[in-house]
Amino acid sequence: MNNIAEQLNLAYQNLNKKCGLLGIKSDTVQLIAVSKTKPTSAIITAYQTGQYQFGENYPQELAEKSAQLNTYNNIVWHFIGPLQSNKTKLVAENAHWVHSIDRLKIAERLSAQRPENLAPVKVLLQINISNEPSKAGIAADEMFNLAASVAALPNIELKGLMAIPAPGDSEHAFAAMQQLSLQLQQLQPQANELSMGMSDDWPLALKYGATMIRLGTVIFGARDYKQE
Ligand SMILES: *Cc1c(COP(=O)(O)O)cnc(C)c1O
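Residues numbered from 1 in each chain as written. Predicted model: local features only at pLDDT ≥ 70, side-chain atom pairs only at ≥ 80, totals over all residues. Heavy atoms only, no water.

A. Looking closely at the overall build of the protein. From N to C terminus, the protein includes nine helices and eight strands. Radius of gyration (C-alpha) of the protein: 17 Å, near the 17 Å computed for a compact globule of 228 residues. Seen through its principal axes, the protein has C-alpha atoms that stretch 50 × 40 × 30 Å. For the protein, the proportion of its 228 residues judged to be buried stands at 49%. Here the contacts in the protein between residues at least 6 apart in sequence split such that 59% fall between residues at least 24 apart. The average position of the 19 basic charges and that of the 20 acidic charges among the side chains of the protein differ by 2 Å. (Helix = DSSP H or I, 4+ residues; strand = E, 2+ residues; numbered from the N terminus. Rg over C-alpha atoms; globule rule 2.2 N^0.38 Å. Buried < 20%, exposed > 50% of the residue type's maximum accessible area, 1.4 Å probe, protein only. Contact = heavy atoms within 4.5 Å. Lys, Arg positive; Asp, Glu negative; His and termini not counted. Charge placed at Lys NZ, Arg CZ, Asp CG, Glu CD.)

What follows is the structure, encoded as structure tokens:
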């Protein structure tokens, strides 16, 4: 086996083991392979092992990869990066999921630009759960308002919440996200997905109810440039 296949295999073994320890059914957790900056050949290698969920951060890169891989019918594209309004069309045309909604305007544009032949875009609201200044995401107390407005849009399905905790704040942040998610589900029962956990903190995220974990480095190796 090559590296990517091996690392993916190992990631699933670790995921299954952790789910077992926590008493979670492992098929209730989606592993999203974050392929940003990686070539389409890496995605194809992962696909051939049965990995179909991929995460991308940049609208242009998503559009290019989606076009190049359009014969790989099972691929589900998750857009997980910051989204400016002049790039929404690329995402509306190519993503199945968008994890990073933090403004109504972005959701409105995705809804308006979603091609008619595609199913509604599934979206998550990004919460700035560690209250970091000038970081993406809404404050927790803005969740209900944004959720109600987004859920009312025609070509959008509100599916849940996403967060990226500040370094050192993971446990506190994941616990707070679990509470927020339960509150949201009282009003929007279908919005039960919780996207949280990356290569270095996913086991903790699972403990607090993550249903989608986003793993890049542990599957595809280090990226060529610094992200944050
Ligand atoms: C890059 C990125 C990831 C993957 O991070 P790793 O630490 O490489 O697993 C997950 N989520 C988001 C939002 C990202 O931007």
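B. Main features of the pattern of salt bridges. One pass over the structure, following the stated rule, counts five salt bridges. Via salt bridges that share partners, Glu56, Glu61 and Lys65 belong to a single interconnected network. (Salt bridge = Lys/Arg side-chain N within 4 Å of Asp/Glu carboxyl O.)

C. The layout of surface pockets, seen in detail. A volume near 240 Å³ is recorded for the second largest pocket. The wall of the second largest pocket is formed by 13 residues, among which Ser66, Ile75, Trp77, Asn94 and His96 lie closest to the centre. Taken together, the residues that form the lining of the second largest pocket break down as six nonpolar, five polar and two charged. (1 Å grid on protein atoms, 1.4 Å probe; cavity = no way out; pocket = protein on both sides within 12 Å on 5 of 7 lines; lining within 4 Å. Points joined across faces, edges and corners; volume = space filled by probe spheres on them. Nonpolar A, V, L, I, M, F, W, Y, C, P; charged D, E, K, R; others polar.)

D. Up close: the environment of Ala33. Summarising the element assignment, Ala33 is placed in strand β1 (residues 30–34). Along the chain, Ala33 and Asn128 lie 95 residues apart, while their C-alpha atoms are 22 Å from each other. Once residues within four sequence positions are removed from consideration, Ala33 is found in contact with Gln51, Gln53, Phe54, Gly55, Leu215, Ile219 and Phe220.

E. Region of the structure containing the environment of Gly197. Note that Gly197 resides in the loop between β7 (193–195) and α8 (202–207). For Gly197, the residues in contact, after removing those within four places along its chain, are Phe174, Trp202, Ala205, Ile213 and Arg214.

F. Here's a closer look at the packing of aromatic side chains. With the rule as written, the count across this model stands at three aromatic pairs. Their ring planes at 45 degrees and their centres at 6.2 Å tell us that Phe54 and Trp77 sit as a pair that is tilted. Pair noted here: Phe54 is in strand β2 (residues 53–56) and Trp77 is in strand β3 (residues 76–79), with a separation of 23 residues, a long-range link. Residue Phe54 shares its accessibility class with Trp77, and that shared class is buried. Joined through ring pairs, the aromatic side chains of Tyr47, Tyr52 and Tyr72 make up one cluster. (Phe/Tyr/Trp six-rings, centres within 6.5 Å; stacked < 30°, edge-to-face > 60°.)

G. Representation of the site of the ligand within the structure. Around the ligand sit 13 residues in total, of which Lys36, Asn57, Ser199, Arg214 and Thr217 are the nearest. A distance of 2.5 Å separates an oxygen atom of the ligand from a polar atom in the side chain of Ser199. In this structure, a nitrogen atom belonging to the ligand sits 2.8 Å away from a side-chain N or O atom of Arg214. About the coverage of the ligand: the protein hides 94% of its 390 Å² of free accessible area. Partitioning the shell around the ligand into residue classes produces six nonpolar, four polar and three charged. (Near = heavy atom within 4 Å. Polar contact = N/O pair within 3.5 Å; in protein donor to acceptor, adjacent residues only side chain to side chain. Areas by Shrake-Rupley, 256 points an atom, 1.4 Å probe, with all protein chains shown as cover.)

H. Local environment of unusual backbone geometry. For Thr37, which is not glycine, the phi dihedral falls at a positive 70 degrees. The topology assignment puts Thr37 in the loop between β1 and α2 (40–48). In this structure, Asn131 is a non-glycine residue whose phi angle is positive, near 50 degrees. Mapping Asn131 onto the fold places it in the loop between β5 (121–127) and α6 (143–151).

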